[in-house]
Amino acid sequence: MTATQSTGWIGVSAPRREDALLIRGRGRFIADVSPAGALHLAVLRSPFAHARINGVDTSAAESLPGVHGVITADDLEGIGAFPTVWRLPGQKECHTPALAPGKARYVGEPVAAVIADSRYIAEDALDLIEVDYEVLDHVVDVEAALAEDAPVINEHMGDNVIIEYTFPGINALGVAGDLDGAFAEADEVITGRFRIGRYSGVPLETRGLVADWDDLRQTLTLHSESQVAHLLRTELAAALGIPETSIRILTPNIGGAFGNKWDRYPEDILVSLASMRLGRPVKWIEDRRESLQATVHGRQQLQEWQLAVRSDGALLGLKGRVLSDQGAHLHSVGIGPAWVTGAAAVNQYKIANYHCDVLGVATNKTPNSTFRGFGGPEAMFGIERMVDKAARKLGIDPAEIRRMNMIGADEFPYFSPGGAVYDSGNYPTALAKALEAVEYDRLREEQAALREQGVRRGIGIGSYIHVSGFGPSAILGMLDYYTGGYEGSTVKIDPHGRATLYTGMIPMGQGTETTLAQVAADHLEIDIANVRVVWGDTDQTPYTGFGSAGSRSNVAAVAVIKAIEEIKAKAVRIGAGLLEADPEDVAYGDGRISVKGAEEMRSLTLAEVAQQAYWGHKIPEGDQPGLEATYVYDPANFTTAYGTHVAVVDVDVQTGKIDWVKYVVVDDAGTIINPLLVEGQIHGALAQGLGGAILEEFVYDEETGQLLSSSLMDYLLPSFTDLPDFEIHHLETPSPHTEGGFKGMGEAGCFPAGAVVANAVTDALSDLGIEVDETPVTPARLWGLINAAGG
Amino acid sequence: MAETITVVLDVNGVGKEISVEPRKTLADAIREDLGLTGTHLGCEHGVCGACTVLMDGEMVRSCLLFAVQGAGAEITTIEGIGDGGELHPMQRAFSEYHGLQCGFCTPGMILAGIDVLRRNPDPGPQEIREEMGGNICRCTGYQKIVESVQAAAAEMSKEGVSA
């Protein structure tokens, strides 16, 4: 790549502009934000899973030197809580309060907050708060929570069922399947029962906040890592009872978020309120134990499926029940991830007959909410395990049964009985490419030979769809999702012809600043060095109600393209006047405005036109001076990224340990903006998928309700030696639904990982008849299965 | 408030006298008292490696040491590597090979990478994975960090630089 270049910025591995600060340790993360005179807040959290709070005595804490104040639930008169954004019909209200009012419902739930001169003193003061807890019976298992005599966690609900939502198997065209007919026609009915483990994003940087209330101006500046600052601002204003215009949210560098920082949290209210009441800046940095207890968890589901199949391998119908273990309260997205599981469960297959009941169930655990993948990986686990079980039962190769049931490349748009519309793709080709990359036929032969030598090699296949680019706002409305699915972008050309782009997206490691600059440079046909990207300030950036996610660049990029189209059209109108030509005869190209056919002679640079635009001397009638545009892009439809993964593993039956032999990914996310960054996103998402497949788990003790994995010694993040090298291949089927053809891609890597591992391990142990139906497949769990099978 | 102790910390070649409570960690002292915020805190219990600094050339976790234990040692943080304004080859390699995403683990990773090459100037991928196993990254899946360290090793051997 040359030092300056005006075209072809899409599809190249442009160096990340984010790196210059980060590799020097000069990023500015939330813990690095330290206003003069800042006080420090610490949160007292419930040590019990379920306990009535009969009284909180803060007197000793308040009299400790250096303590400035204590906040308890009694101090929250007039202060609201954050609503659940996704409010499905029939969903009982049990949103997360700012401080446990009268009762704590999970270990780690905030009970009080102390504000002091230093974090050290604030924590000393926590020890001095006396809470009169009356411990109640608790329930941490989702099935036990459904029992008639189970302790009721939210009394007003009457029981622990938050919602029972049914997917009736009617597609977007209103066509219903015939599930009974499918099961009547079936030669076999395959059943599966899957426990998908509770784990989460666990960003290396915990959450944190710095609030700074200016009493004279009556304004709150909040430094926050929220992935959706504008929505936080809207909801925070409502909770605090102050005008939204009084709040400015600034976003520092984010040390990983993975969906967990999308949610609004009690501390957003507590830290803001502390600053308002004390008139001083207040800082709170979550420690790791708090983070594991009180930052949202994800995934955990108990699924039961029945798959009707014909002896020739045709998948006729799918029926299921998904119990989503929601924890004690609904958090920002309600049961959203489990809803997505129900919507996506038929995956890439032509299963026309479908029914699924999704139950959101309360337990005495941390709320289960937003985490990269958002219900998709859970769906893929269910269906991809079921397809493998069917293949084994029918004696058909697992690759072949997938191929024969996949939606064909000529069948798009495809209206799935889960309600989704798939836009484009070539599923069989992705599968074939993955099989070719691992040399599938040779592997199968080798596998048999190795088995004779005592090596248990397994091959696991997992295909996936990722419905991304949420979403047309009108459809979100129909789904009772109370925010919009659009992204806005403002692009301003300065009088020297350089561009500044304002986005509501919040970078959290994906390189959003670089990729959006690439899109702008490509479409303005100027050098990327002449594009500045502004993000992370609600005073400057366009509103987004959906906020940043690894799969949002595709929507945000279109907003940039559309704004630039308006700028180019205006530049042509102004330029035509200056060139004394008919606008019809003038075109934008190579960063210039030129008379068509006379580009050498009659041409102006973008800078020359921009200068004129700001002088305002010769503005065409109907135009305003200046050269900027804002475009809010609401996607016309969802985009569907997809692909296939294949893992090859060796299983040690003595220890239950899994060794990686190979891991191949074929991924199609439409048009790729930056191949190097796309690879990085796939690697990272896959690492998180594999983490939950083999290691990561929030373990609760049934007897005490305690979270046992509340340090990184117990909650195991995958390390260098736990993960394989990944081999990535791409297809590029541009989405017909978005300008530019981009599909969301930051999450897809984690989608099939759990199923792929479970399928590979099951394959390796096929002679023992072991079925891996629970994640994570830790050595201990796997050894238990092997031992029980007499292996 | 507890008594404070005066201690001189020699960080990145600059000695500075600070007054700290005995319980203050070295990481907190580096960040708060010396203002060097490139040393990050990810777990504060010695697992993640984000707070890695070099102490007399050895990799240590500054969250597991008290500030007073840093007295008398030469400490190097991410701000102290490289040569004047020049980036260290390890820093350049991380950027070029996309060995970072959010950048939170990166200072510790870069110092750990330098530490590996100090002990073995030409490690293979598996050696790098084993040697760096004490540093956690949540974004990259590690493969591109391994590539970065290998690239830095090649670059340093070409330039005749030692870690």
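Use the structure listed above.
Residues numbered from 1 in each chain as written. Chains lettered and ligands numbered in written order. Predicted model: local features only at pLDDT ≥ 70, side-chain atom pairs only at ≥ 80, totals over all residues. Heavy atoms only, no water.

A. Seen up close, the sheet that holds strand E4 (residues 103-104) of chain A. All names here are of chain A. With antiparallel pairing, three strands are arranged side by side in an open sheet as E4-E2-E6. Each of the sheet's edge strands pairs with one partner strand only, and the pair in question is E4 and strand E6 (130-135). Both strand E2 (residues 51-57) and E6 contribute to a ladder of six bridges, which runs antiparallel. Bridged to Ile53 within E6 is Tyr133. (Pairing = 2+ DSSP bridges. Helix = DSSP H or I, 4+ residues; strand = E, 2+ residues; numbered from the N terminus.)

B. Structural view of the pairing of strand E27 (residues 657-668) of chain A. Residues and elements named next belong to chain A. The pairing of strand E26 (residues 639-652) with E27 spans eleven bridges and is antiparallel. Bridging across to E27, Thr644 finds its partner in Val666. Between E26 and the antiparallel strand that follows it, E27, lie four residues; Gly656 among them carries a positive phi value of about 80 degrees. Judged from the five bridges that link them, E27 and strand E28 (residues 727-731) form a sheet pairing that is parallel. When the sheet's bridge partners are listed, Asp667 is paired in E28 with His730. Note on the crossover from E27 through helix H18 (residues 675-694) to E28: the handedness is right-handed. (Right-handed = clockwise from strand over helix to strand, strands pointing away.)

C. Layout of the interface of chain B and chain A. Each partner contributes to the interface: chain B provides 50 residues, whereas chain A provides 50 residues. Carbon and sulfur atoms supply 59% of the area buried between chain B and chain A, which totals about 4,100 Å² over both sides. Linking chain B with chain A are five salt bridges. Two residues, A:Asp124 and B:Arg23, come together in a salt bridge whose shortest N-O distance is 2.9 Å. There are 21 residue pairs in polar contact (both at pLDDT 80 or more) connecting chain B and chain A. Of all elements in the fold, only helix H1 (26-33), helix H2 (89-96), helix H3 (106-119), helix H4 (125-131) and helix H5 (143-159) of chain B reach the threshold of two or more residues within the side of chain B that touches chain A. For the side of chain B that touches chain A, a count of residues per class yields 22 nonpolar, 17 polar and eleven charged. (Contact = heavy atoms within 4.5 Å. Buried area = accessible area lost by both parts, 1.4 Å probe. Salt bridge = Lys/Arg side-chain N within 4 Å of Asp/Glu carboxyl O. Polar contact = N/O pair within 3.5 Å; in protein donor to acceptor, adjacent residues only side chain to side chain. Nonpolar A, V, L, I, M, F, W, Y, C, P; charged D, E, K, R; others polar.)

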